[in-house]
Each structure stands twice: as structure tokens, then as C-alpha cells.
Amino acid sequence: MTDDTPPVRDASGRFVKRATETVNALSRTSDEGIHPMAKVLFGWTEAKGIGTILLCLTGLLSVLLILADLLVDRHETINAAGVFGFYGLFGFAALGFVLLAGWPLGSLLRRGEDYYGDGNTSPADIDPETAEPDPGNGKSGGGA
Amino acid sequence: MPLLLTQINPGWLLVVAGLLAMLVSVKALRQAITLLAPMGAILLLATAQHGVDHLSQDMLGLTLSLYRVDSLNFIFGLAFLLAALLNAVYALHTDDRMQDGAALVYSGCAVAATFAGDLMTLFIFWELTAVASVFLVLQAGTRAAYFASLRYLAVQVLSGLLLLAGIAAAWKATGSLSLAAFTSLDQPGALAIFIAFGIKAAFPFLHNWLQDSYAKATVVGAVVLSAFTTKLAVYAFARIFPGHDELIWIGAAMTVFPVFFAVIENDLRRVLAYSLNNQVGFMICAIGVGAAGAGNALALNGAAAHAFVHILYKALLFMSVGAVLYRTGTAKASELGGLYRSMPWTALFCIIGGLSISAFPLFSGFIAKSLTMSAVAAEGTADPAMVIVWFLLLFASAGVLEHSGIKVPFTAFFGRDSGRRVKEAPFNMLLAMGMAAFLCIVVGLPAIVPGFGYQWLYGLLPYPIEAASYRPFTLGHILTQLQLLVLAAFAFMLFKRLRLYPTEKAGTILDTDWFYRRAGFEAVRWIDAVWTKAVSVGAQAASWAGRLAQGQLVAGFSPRGALSRSGRAGGMAVWTAVLLAGVLLVAFLSG
């Protein structure tokens with residue numbers, strides 16, 4: 001791969017222009033609104049089947065962590081916590097319970113978005129490019 | 001350092017700078033003030049001598065201790081000042097004199113209250129935090145923010161009034177305004193002060209002012225608000241009510257109930273407010289376990305350490321969601337998703353905040369929360385009830401991973417792509433998030449170099465000697481924490497895959513504010529309607545009774561009335577005069 005950037009040096013001999021251009025390239029959002037660092041940091045999340053891969057890897061890691069209980073001598077003050085795999089199973093069960101409880105709780109407690117008649121506008125200090133005029137009071141602050 | 005400088009409470013510097021900022025219209029100058037004031041205040045605090053009344057003042061027959069630093073308030077004050085600095089950086093893109101000024105005054109009052117050496121000074125700055133902070137909600141400029149700010153102010157002032165009543169009762173009984181710990185809630189004034197602190201700490205059933213106002217504040221305002229009010233209450237509890245058993249159960253309840261609300265809440269700023277409730281619960285519980293004086297040093301160290309790291313990572317999370325709100329105009333999970341494409345740095349910082357609050361090893365939450373968990377577990381050997389508390393805290397530890405560690409980053413930046421393509425957050429926002437993320441990581445690292453990493457924080461705790469002997473990075477502790485979190489994360493993925501994860505839906509989630517915003521409001525409207533109707537019916541009845549009485553009088557005594565029918569009224573007068581003359585004649589003759 002060739003680099004077309006001319007090797008411009010500053011007084012101390014450093015390739016300042018190249019460094020500057022690299023920084024610029026990594027912070028300039030593309031026309032499609034994609035930030036160049038998105039690929040660097042999170043491009044891997046777009047891989048095909050990544051959801052399944054992550055699920056399997058986390059499952060495997062979970063099993064390994066529970067099996068590690070056999071190797072590590074834990075000193076638990078609470079008796080129940082000394083049971084093999086206790087923390088892992090408790091974490092799984094606790095989160096599962098919370099998620100399952102979310103279904104009936106949502107049905108019971110969720111009401112319309114403007115239930116209290118407050119209106120539904122964003123605060124005034126959002127990006128002026130995003131803000132739309134609020135028909136209610138003429139101020140900026142309509143949500144996108 | 002000159003004597004005058006040693007007498008300046010660092011909070012006052014922020015208050016004066018804040019008032020000045022409100023007057024300065026030149027943006028660059030105002031920004032310089034907002035940045036330099038916290039730096040100067042940190043310098044003042046760093047050079048302050050501990051355990052000395054730096055400034056006292058006699059006023060109205062009371063001796064007020066206006067500036068006193070010790071090992072307990074130092075760490076809270078330092079965390080507040082760091083938060084003030086981060087907030088100033090985060091707000092650099094805005095040009096709002098009122099917001100800049102109010103944020104500094106609010107921060108300054110919280111710091112000044114922390115370094116107060118008596119109850120009356122604490123009260124004064126306690127109230128001022130309420131007044132200053134309401135502008136951070138009001139400045140959002142929406143109808144919702146306007147009403148939320150009124151409710152917020154009402155609740156905060158109520159807290160202040162209770163505190164004043166409690167102080168008055170305590171002063172009348174003891175003649176002292178000392179910040180010495182109460183040993184029982186039966187002592188004069190103790191209960192009122194306890195409830196006043198409880199309102200600010202957002203105790204269960206008193207908590208909804210937090211979700212109501214923080215979610216409606218300005219982008220910057222929510223970040224500022226997240227740092228001070230509740231942690232000032234935590235400090236006040238640690239100072240005045242350590243070792244009160246009531247706090248153990250209240251704190252445990254606080255850790256658990258927000259988990260269920262957060263999972264169904266759609267507004268990510270409200271999710272973070274519930275998360276704040278949950279985290280403050282850990283601190284309150286730890287204070288309940290810690291006893292006055294030396295007591296359970298591990299627990300009080302846990303509360304202080306947790307408050308310090310929480311101020312940083314909660315600010316980071318509010319900053320990242322604020323950046324999303326700033327760019328997209330919404331913080332609703334149902335309208336977001338896939339934003340890592342446009343805002344990768346913000347996404348990264350949000351993940352660091354999530355890992356910190358979830359207490360993953362190598363992040364700040366791990367080295368703070370483990371102090372509290374160990375203290376509660378240690379109490380469990382003597383008191384079986386504490387085992388239940390420990391289980392509740394463990395449950396809440398898994399819960400916090402769900403709402404702050406996974407839900408916030410996942411729904412905003414990953415998950416279903418909302419199709420929104422926006423700019424990355426402004427540079428100053430990224431810088432503030434980067435600074436907070438850096439602190440979250442640095443504080444959570446093992447002390448490879450002695451005195452750095454977690455040991456730096458442990459050295460600042462109220463009981464540093466006891467803290468130095470505690471080792472968070474043991475193999476057993478790392479393993480158990482990873483088991484808890486990784487399997488909880490696995491449960492999330494599995495439930496998501498099986499479509500058992502509750503879907504993010506737009507809507508309002510009812511909470512205890514329903515009682516005053518809907519039931520109470522409707523009750524008042526009903527009473528008003530009944531009263532209006534009663535007044536109308538009463539007026540009609542009075543009018544009818546008046547007309548009836550008038551009719552009867554007319555019918556009886558008018559010239560055409562019943563009494564006039566048998567003769568003329570003039571005849572009656574003649575006969576009355578004759579009768580009177582007869583009576584006089586008889587009296588004269590008999591006499």
C-alpha cells in the first residue's frame with residue numbers, strides 16, 4: 001500500500017503533516033454519517049453471525065468460570081456463597097428474574113407517553129442543527 | 001499560604017465564581033471562570049489542615065463553624081470539586097450565563113455544606129443547593145421542565161424545613177449545634193433531620209423527585225445534578241447517623257426496587273436516575289452497617305469510596321447519554337440504536353462507565369463496592385438478618401449490570417439500527433468524558449506501583465489504616481465477581497436471543513409520583529369541584545330561604561298582610577294608646 005502524503009517535516013524533523021492528516025482522517029465523519037473510528041473500535045460487531053458467536057463465547061466463558069471454582073480456594077463468610085458455582089448461578093437467576101418480571105410490570109405500569117400532559121419536547125440546549133421549532137411555545141426544542 | 005486563603009471554604013470560591021459567571025457576557029471569560037474556580041478550590045482543599053476550625057463566626061447568639069476539614073468530608077469534597085471541573089469542561093460548548101452560574105453556585109453550596117462544622121451552616125448551604133439547582137431544570141425551557149422544577153423545588157424546600165425544625169428541636173434540648181452523631185432517632189430533632197436527609201437521598205417512596213427532574217433538566221444540567229444532592233445527603237448520613245440499623249434496610253430496599261423500574265423504563269436519563277437510586281442504596285446500607293466512631297471502619301470506608309467513584313462513573317454515564325440527546329434530540333431507547341457508527345468515542349466512554357458501575361475488575365466500582373459487600377458479609381456471621389441484606393445487595397449488583405452496564409450502552413449505541421447518522425459529540429464533551437473515563441480506570445487498577453491505582457483512593461478514605469489492610473484483588477474475589485457478571489451477561493444475551501427480553505416501548509412508567517401528580521391532583525380537582533358546587537347550592541338555598549322569610553313577613557305584617565285584614569293599622573294604634581292610658585290610670589289610683 002502506497003502513501004501519497006509527501007514527507008513534510010517540521011523544524012525538528014517530524015512528519016507533522018502526515019500525523020495531522022491521520023488524526024483528521026480518524027475524526028472526519030463520512031458523507032454517510034459513519035465515523036472512521038467506528039470501524040476501528042466496533043467494526044467487529046458487524047461481522048456476520050456475531051450475535052451467535054458472542055453468545056457461544058460468553059456461554060463458554062461462563063462454564064469455564066464456574067469450573068474455576070474447583071481450582072480456587074474461596075473463603076466465604078456467608079455459608080451459602082460457598083456452594084459450587086454459587087455466584088454464577090445467582091447472577092444468571094437474578095438477571096433472568098428481573099427480565100421476566102419486566103413483562104408483567106411493563107403491562108401494569110406503562111401508560112401513554114403524554115400521560116401527565118407534560119408534552120414531549122427536548123431540552124433547549126440540544127444541538128441547534130437537531131432542534132426543530134416547538135409549535136407550543138415557539139422556542140427551539142422539538143425532539144427529532 | 002496566607003492566613004486569609006486558609007480560611008476560605010473552597011465552596012465559597014465556587015459560589016462567588018458562579019455569581020460572577022452569571023454577570024459575565026463574554027463567553028471566553030466566563031468559560032475561564034468556570035474552569036479556574038474548581039481548580040483553585042481543589043488547590044485550597046489540598047492545602048487545608050485537617051481537624052481544625054479554619055473559620056468561625058458568632059451570629060445571632062450562635063457560633064457557626066464555617067470551614068472544617070476532616071478525613072470524612074475531605075473525600076466527599078474532593079469528589080464534588082472534581083465533578084465541578086468535569087462539568088465545566090462538559091459545558092464549554094454552551095453559551096448560557098444562567099446555567100454556567102447556577103451550576104457553579106450549586107456545586108459550591110454542596111462543597112460548602114460538606115465542609116460545614118455545625119448544623120446551622122449545613123442547613124444554610126443545604127437550602128441554597130436546592131435554590132441554585134432548580135435553574136438547571138428550569139433552563140431546559142420546556143413545559144415539562146417548568147412543572148418538574150416546581151415539584152423539585154417544593155420537595156427540596158420541604159427537606160430544608162424539616163432539617164430546620166430538627167435543628168431547632170436539637171438546639172433547644174441540648175443548646176448545641178454540633179454535628180456529633182445521634183445515637184437514637186428518639187433524641188430531640190433526630191427524626192426530622194433523618195427524614196430531611198432521607199428526602200435528599202431519595203429514600204423509597206420519597207425518591208421520585210429524582211427521576212422526575214433529572215430526566216427533564218438540560219443536557220448539561222442532568223450531569224451536574226447527578227453529582228451533588230444525593231451524595232451530600234450520603235455524607236450527612238455518614239456524619240450524623242452512622243450505625244443506625246434503619247439505614248441498613250432502607251438502603252437494601254433502595255438497591256433492589258429501582259432495578260425493576262429501570263428494566264421497563266424507556267427514557268435513558270430516567271434509567272440512569274433509577275440506577276443512581278440503586279447505587280445510593282449501597283452507600284446508605286454501608287452507613288447503616290458502620291457504627292459511630294471507629295466502629296465498622298470497613299463499611300464507612302465502603303460508603304465513602306462508593307460515593308467517590310459513583311460521582312465519577314455516574315457523571316460519565318449521564319455525559320454519554322447527554323451527548324446522544326444533544327446530537328439526536330432524544331434519549332428514548334425506543335428511538336435509538338446503532339449510534340456507534342456516528343458516535344464511537346461516546347460509545348466507548350459509555351461502555352467504560354457501564355463497566356465501572358457494574359463493578360468489573362480493573363474498573364473503579366469493583367474496588368469500592370467490594371468494601372461494602374465484605375462489611376455486610378462480615379456482619380452476617382453475627383446477625384442472620386444481615387445474610388438477607390447481603391443477598392439483596394448481591395441481587396442488586398446483578399441488576400445494575402442489566403440497566404447501566406448493558407441496557408444504556410446497548411440500546412443507544414448498538415442493537416437495532418435506528419438509522420440516525422449524526423455527528424460525534426463536540427470535542428469538549430468528549431474531553432470531559434475522556435477525563436472521567438480515565439479516572440474510572442485509574443482508580444480501579446491494582447496498585448502495581450505502591451500508592452497508585454486503588455491504593456490512592458484507599459489512602460483518602462476516612463479510615464486509611466483499615467483501608468490499607470483490605471485487599472480487593474484476591475483471586476477468589478475476582479473470580480466470584482466475574483462469575484456473577486459474566487453469567488448475568490450471558491442471561492441477557494440468551495433472553496435477547498429467545499425474545500424474552502422486554503421490548504423497549506414508548507410510554508410513561510407509573511411510579512410513586514402518580515400519587516401526587518395524578519391521584520393527588522385529581523383529588524384536589526374533585527374537592528375544588530365539590531366546593532364550587534356546594535357554594536353554588538348554598539347560595540341558592542340561602543336565596544330561597546331569604547325569599548321565603550321575606551314572603552312570610554310580607555304576608556304577616558304588610559298593610560295587606562294577615563294581621564291587617566280585620567282592621568286598619570291606625571285603629572290598632574288608637575286601641576293600644578287607650579289600653580296604655582288605662583294601665584297608667586290604675587297605677588295612679590292604686591299608688
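Quick caveat, the model's predicted, so the values are computed rather than measured. (Residues numbered from 1 in each chain as written. Chains lettered and ligands numbered in written order. Predicted model: local features only at pLDDT ≥ 70, side-chain atom pairs only at ≥ 80, totals over all residues.)

Secondary structure summary: chain A contains four helices and three strands in total. Of the regular secondary structure in chain A, the N- to C-terminal order runs α-α-α-α-β-β-β. With 144 residues in all, chain A has 19% of them scored as buried. In chain A, once contacts between residues fewer than 6 apart in sequence are set aside, the share between residues at least 24 apart is 2%. (Helix = DSSP H or I, 4+ residues; strand = E, 2+ residues; numbered from the N terminus. Buried ≥ 20, exposed ≤ 12 C-beta atoms within 10 Å, placed from the backbone. Contact = placed C-beta atoms within 7 Å.)

This part covers the overall build of chain B. Counting its secondary structure elements, chain B contains 22 helices and three strands. Against the compact-globule benchmark of 25 Å for 591 residues, chain B has a radius of gyration of 33 Å, which places it well outside the compact range. Taken over the C-alpha atoms alone, chain B extends approximately 130 × 60 × 60 Å along its principal axes. Across the 591 residues that make up chain B, the buried fraction comes to 57%. A separation of at least 24 residues holds for 79% of the contacts in chain B among residues at least 6 apart in sequence. (Rg over C-alpha atoms; globule rule 2.2 N^0.38 Å.)

So, about the packing of helix 11 (residues 245-264) of chain B against helix 12 (residues 268-289) of chain B. Residues and elements named next belong to chain B. In the contact formed by helix 11 and helix 12, the axes pass within 7 Å of each other and the chain directions differ by 160 degrees. Judged by the inter-axis angle, helix 11 sits roughly antiparallel to helix 12. Remark: the crossing between helix 11 and helix 12 carries left-handed chirality. Residue composition of the contact of helix 11 with helix 12, by class: 17 nonpolar, seven polar and two charged. (Axes fitted to C-alpha atoms, helices over the stretch in contact; angles between N-to-C directions. Parallel < 35°, antiparallel > 145°, perpendicular 65-115°, else oblique. Left-handed = near helix turned anticlockwise from the far one by under 90°. Nonpolar A, V, L, I, M, F, W, Y, C, P; charged D, E, K, R; others polar.)

All right, on to the interface of chain A and chain B then. Each partner contributes residues to the interface: chain A has 63 residues there, and chain B has 77 residues. Counting residues per element, the side of chain A that touches chain B draws most heavily on helix 4 (residues 86-109) of chain A, at 17 residues. Taken together, the residues of the side of chain A that touches chain B break down into 32 nonpolar, 22 polar and nine charged. Summarising the sheet, strand 1 (residues 110-111) of chain A and strand 3 (residues 508-509) of chain B pair through two bridges and their orientation is antiparallel. (Pairing = 2+ DSSP bridges.)

Here the focus is the domain arrangement of chain B. Residues and elements named next belong to chain B. Taken domain by domain, chain B holds domain 1 (1-237) and domain 2 (242-500). Using C-alpha coordinates to define each centre, domain 1 is positioned 23 Å away from domain 2. With 32 residues of domain 1 at the contact, the number on the domain 2 side is 40 residues. Broken down by secondary-structure element, the contributors of at least two residues to the side of domain 1 that touches domain 2 are helix 4 (71-90), helix 9 (208-214) and helix 10 (219-240). If one sorts the elements of the side of domain 1 that touches domain 2 by residue count, helix 4 sits on top with eleven residues. Class assignment of the residues belonging to the side of domain 1 that touches domain 2 gives a composition of 25 nonpolar, six polar and one charged. (Domains from an automatic or database assignment.)

Next up on the list: the pairing of strand 1 (residues 53-59) of chain B. Residues and elements named next belong to chain B. Note: strand 1 against strand 2 (residues 62-68), six bridges, orientation antiparallel. When the sheet's bridge partners are listed, Asp 53 is paired in strand 2 with Arg 68. The loop that links strand 1 with its antiparallel partner strand 2 comprises two residues; one of these, Leu 60, has a positive phi angle of about 50 degrees.

All names here are of chain B. Taking 1.5 Å of rise per residue, the 30 residues of helix 16 (residues 384-413) would be expected to cover 44 Å, and the 43 Å separating its terminal C-alpha atoms lies within 8% of that figure. The element helix 16 is extensively covered by neighbouring structure, given that 24 of its 30 residues are classed as buried. Phi turns positive, to about 60 degrees, at Gly 415, one or two residues after helix 16. (Expected span 1.5 Å × (residues − 1).)

A few words now on the packing of helix 15 (residues 364-380) of chain B against helix 17 (residues 427-444) of chain B. All names here are of chain B. With their axes 6 Å apart at the nearest point, helix 15 and helix 17 run at an angle of 55 degrees to one another. Regarding the angle of helix 15 to helix 17, the classification is oblique. On helix 17, the residues touching Ser 364, Phe 366 and Ile 367 of helix 15 are Cys 440, Val 443 and Gly 444. Each residue belonging to the contact of helix 15 with helix 17 can be placed in one class, and the counts come to four nonpolar, two polar and no charged.

Residue and element names in this part refer to chain B. Note that Lys 27 resides in helix 3 (residues 27-46). For Lys 27, a count of 14 C-beta atoms within 10 Å translates into the label partly exposed. As a C-alpha pair, Lys 27 and Arg 497 span 470 residues in sequence and 50 Å in three-dimensional space.

Once that is clear, we can look at the confidence of the model for chain A. On average, residues of chain A score 81 in pLDDT, and 69% of them are at 70 or above. Here residues 135-144 of chain A scores under 50 on pLDDT; set against residues more than four positions off or in separate chains, the count is 34 contacts. (pLDDT = per-residue confidence, 0-100.)

Moving on to the nonpolar core. All names here are of chain B. The biggest cluster of nonpolar side chains holds 234 residues, and the ones touching the most others in it are Phe 237, Leu 316, Ala 436 and Ala 488. Tallying contributions element by element places helix 13 (residues 297-328) first for this core, with 23 residues. If we skip the residues at most four places from it in the chain, Phe 237 touches Phe 197, Ala 201, Leu 247, Ile 284 and Ile 287. (Core = buried A, V, L, I, M, F, W, Y, C linked by C-beta atoms within 7 Å.)

Our next topic: unusual backbone geometry. Residue and element names in this part refer to chain B. You will see that Phe 205, though not glycine, has its phi angle at about 75 degrees, which is positive. Mapped onto the elements, Phe 205 comes out in the loop between helix 8 (190-200) and helix 9. Phe 205 gets classed as exposed once you count the C-beta atoms within 10 Å, which come to 12. The backbone of Arg 499 sits at a positive phi, close to 60 degrees, despite the residue not being glycine. Its location among the elements puts Arg 499 in the loop between helix 20 (475-497) and strand 3.

Within chain B, residue pLDDT values average 92, and 97% of them lie at 70 or more. Reported confidences for the modelled complex are a pTM of 0.88 and an ipTM of 0.85.

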